[in-house]
Amino acid sequence: METSRRTVIAAAAAAGITAATIGTAHASGGRKPEKELFGKLADGTKVHRWSLENGGTRLKVLSYGGIVQSLEIPDRHGRYKNVSLGFDTIDDYVASSPYFGALIGRYGNRIAKGQFTLDGRSHQLSVNDGVNSLHGGTKGFDKHVWDVEGFASGSDVGLVLHYTSIDGEMGYPGTLRTKVTYTLTRHGDWRVDYEATTDKATVVNLTSHVYWNLAGEGSGSIYDHELQIAAARYTPVDSGLIPTGELAKVAGTPFDFRRTKTVGRDIRVAHQQLLYGKGIDHNWALDKGITAKPQQVATLRDPSSGRTLKIATTEPGLQFYSGNFLDGTLVGTGGHIYRQGDALCLETQHFPDSPNHPSFPSTVLRPGQTYRTTTVHSFGA
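Residue positions are counted from 1 within each chain, in the order its sequence is given. Owing to the predicted nature of the model, reporting of local features is limited to residues with pLDDT of at least 70; listing and counting of side-chain atom pairs is limited to 80 or more, with chain, interface and lining totals taken over all residues. Here the side-chain values reflect all heavy atoms present in the structure, with hydrogen atoms and water set aside.

**Q** Which parts of the structure should I look at to understand the pattern of salt bridges?
**A** We count a salt bridge whenever a side-chain nitrogen from Lys or Arg sits within 4 Å of a carboxyl oxygen from Asp or Glu. In this structure the tally under the stated criterion is 14 salt bridges. One salt bridge in this structure joins arginine 49 and glutamate 36, with 3.0 Å as the shortest N-O distance. Placement of arginine 49 in strand 2 (residues 46-54) and of glutamate 36 in strand 1 (residues 34-40) is noted, with a sequence separation of 13 residues between them. Only protein chains enter the area calculation, which uses a 1.4 Å probe; residues under 20% of their type maximum are buried, those over 50% are exposed, and those in between are partly exposed. Classification of arginine 49 as buried rests on a relative accessible area of 16%. Here arginine 258 makes a salt bridge to aspartate 256, at a shortest N to O gap of 2.8 Å. One salt-bridge network, held together by shared partners, links Glu53, Arg58 and Glu72. Each helix is a run of H or I in the DSSP string that is no shorter than four residues. Each strand is a run of E no shorter than two, and both are numbered from the N terminus.

**Q** Even after reading the chapter, I still don't get the nonpolar core, so can you show me in this structure?
**A** Side chains of nonpolar character tend, in soluble globular proteins, to be buried together. By size, the foremost hydrophobic cluster in this structure holds 57 residues, and its most contacted members are Leu71, Tyr182, Trp190, Trp212, Ile229, Trp284 and Phe320. Note on contacts: a residue pair is in contact if any heavy atoms of the two residues lie within 4.5 Å. With residues near it in sequence (within four places) discarded, tryptophan 284 still touches Ile229, Ala231, Arg233, Tyr234, Val250, Phe255, Phe257, Pro316, Gly317, Leu318, Phe320 and Phe351. In terms of nonpolar packing, the next biggest core, distinct from the first, is built from 21 residues, Leu62, Tyr64, Tyr99 and Ala343 among them. Nonpolar core, defined: a set of buried Ala, Val, Leu, Ile, Met, Phe, Trp, Tyr and Cys residues in which side-chain atoms within 4.5 Å join the residues together.

**Q** Help me understand the layout of surface pockets, please; the structure alone is not making it clear to me.
**A** Cavity and pocket criteria rest on a 1 Å grid covering protein atoms alone: a 1.4 Å probe that fits but cannot get out defines a cavity, protein on both sides within 12 Å along at least 5 of 7 lines defines an open pocket, and an atom within 4 Å of a point defines a lining residue. Grid points are joined across faces, edges and corners, and a volume is the space filled by probe spheres set on the points. Size it by volume and the largest pocket reaches roughly 390 Å³. Lining the largest pocket are 20 residues; nearest its centre among them are Pro98, Leu134, Tyr211, Tyr321 and Phe325. Mapped onto the lining of the largest pocket, the elements with two or more residues apiece are strand 24 (317-321) and strand 25 (327-331). With three residues, strand 25 is the largest single contributor of residues to the lining of the largest pocket. For this classification, the nonpolar set comprises Ala, Val, Leu, Ile, Met, Phe, Trp, Tyr, Cys and Pro, the charged set comprises Asp, Glu, Lys and Arg, and every other residue, Gly included, is treated as polar. A breakdown of the residues in the lining of the largest pocket according to their chemical character gives nine nonpolar, six polar and five charged.

What follows is the structure in structure tokens.
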């Protein structure tokens with residue numbers, strides 16, 4: 001990333017933009033994030049917005065849901081655009097957000113019929129996606145106000161977010177104490193470190209739900225974006241988008257992104273899995289599996305701007321969602337209507353419905369253990 005970021009800074013300098021403007025860290029390190037009031041919930045709870053800048057990346061985060069409200073990066077000419085979908089007001093996030101930019105928990109993705117059995121005991125979760133539980137239920141982590149603290153440490157800047165989910169919340173056992181750290185590095189990388197502990201055996205699968213459009217939010221379809229995913233297998237789903245348990249080969253299917261291709265190339269192929277998802281809404285079983293340190297698993301590129309996003313993670317799965325349910329009823333931060341295919345999500349995670357599939361990597365967390373995962377987003381142009 002350092003080489004590409006230097007290239008961007010050089011291009012900006014040629015255009016008369018200073019290094020300070022583009023947000024590079026000073027020798028003493030990055031500037032501590034700034035906090036401002038964003039709005040209030042109906043019960044009067046204050047929601048704050050934190051602004052961070054480092055290494056050529058500008059990030060704005062809400063205390064409500066840990067939401068990334070905007071993430072700005074420069075193109076090949078040093079020109080900034082917000083590349084994540086979002087809203088201008090807290091009322092919009094509360095009323096109608098399809099998880100724009102949010103922290104997801106306790107369990108990212110779907111659990112069939114909102115049910116699972118752990119240590120011989122059955123648990124019924126909140127159901128909010130037909131008969132299934134999605135992204136933690138009707139009031140998941142995305143709909144709570146987190147405790148947030150800003151920091152500047154060496155050449156890094158960031159936020160530490162805390163939320164405690166009480167025993168039984170949304171049907172999940174155990175009090176789960178969650179800590180998520182957002183870091184902007186001196187190279188402009190956005191790193192997300194997740195941690196959690198519990199006092200009872202439970203299941204947990206945390207992720208981030210940013211909707212990406214590297215040409216800029218509200219600029220139109222992402223079908224011309226180029227994508228590569230390091231995975232030879234994916235998890236097919238039934239009509240309710242619940243995994244069947246199979247790890248199917250991507251070879252010979254629209255789900256083969258082992259070599260870079262445009263998002264839209266095969267998205268309208270007559271394939272049953274695409275019909276179920278109304279496009280792509282599937283989990284890739286990453287070739288690397290679970291790793292102690294983040295390894296690169298995906299690269300996304302917008303040819304028009306030259307912007308790139310590289311994702312490295314410790315997680316075994318990647319949910320690729322092609323924005324199929326954006327229906328033209330939402331107006332974003334740039335004043336444009338969001339329609340189908342106007343953004344995509346690349347959610348690093350364990351597999352959907354893992355508690356009901358013993359062959360999938362386990363999502364069980366027990367007392368005395370610490371849940372830890374890391375995902376790094378690296379930007380270039």
